[in-house]
Amino acid sequence: QVQLVESGGGSVQAGGSLRLSCAASGNTGSPYCMGWFRQAPGNEREGVATISPGGLSTTYADSVKGRFTIFRNFATDTLYLQMNSLKPEDTAMYYCAADPAGDLCSDSANEYKYWGQGTQVTVSS
């Protein structure tokens, strides 16, 4: 079992930055894919970024490439999402997720087993 708690959301002007954090606890010694997902009202939950168990392989949605960076601090069992050059269309509830690692780390929300409670990100124009 893995427990995930997000923090760092808030309101920011377009062009600004936020860093989201996800504190993991429980059975964190096992290899897990981790990812950030977001969901805006009326939309499906979509993948934002994923990171491999070792932290060396990452994927990003086309909409955030070059602006967002996912990384993990193994010493503190914390996952981060650095969000720069934020746009109003980035406004959503952001969720941290984890899943036991297989051959590949999926970018599909349906594949992830453990989820945080979400943190709201609002970007104003």
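Computed from a prediction, not measured in an experiment: that's the story for all the values here.

All chains considered together, the criterion is met by 4 salt bridges. Taking the shortest distance from any N to any O, the salt bridge between Glu-46 and Arg-38 comes out at 2.8 Å. Take Arg-38: its relative accessible area is 6%, and that puts it in the buried class. The salt bridge partner of Asp-62 is Lys-65, with a shortest N-O separation of 3.0 Å. Overall, Asp-62 belongs to the exposed group, its relative accessible area being 65%. Salt bridges linked by common partners bring Arg-38, Glu-46, Arg-67 and Asp-90 together as one network.

Glancing now at the sheet that holds strand β7 (residues 68–73). Strands sit in the order β1-β3-β8-β7 across an open sheet of 4 strands; the sheet is antiparallel. Sheet topology places β1 (2–7) and β7 at the edges, where each strand pairs with a single neighbour. Each strand of the sheet is rotated relative to its neighbour by a mean of 20 degrees, with strand direction disregarded. Note: strand β3 (residues 18–26) against strand β8 (residues 78–83), 6 bridges, orientation antiparallel. Residue pairing across strands places Ala-23 opposite Thr-78, the latter belonging to β8.

The rules behind each value
- Residues numbered from 1 in each chain as written.
- Predicted model: local features only at pLDDT ≥ 70, side-chain atom pairs only at ≥ 80, totals over all residues.
- Heavy atoms only, no water.
- Salt bridge = Lys/Arg side-chain N within 4 Å of Asp/Glu carboxyl O.
- Buried < 20%, exposed > 50% of the residue type's maximum accessible area, 1.4 Å probe, protein only.
- Pairing = 2+ DSSP bridges.
- Helix = DSSP H or I, 4+ residues; strand = E, 2+ residues; numbered from the N terminus.
- Axes fitted to C-alpha atoms, helices over the stretch in contact; angles between N-to-C directions.

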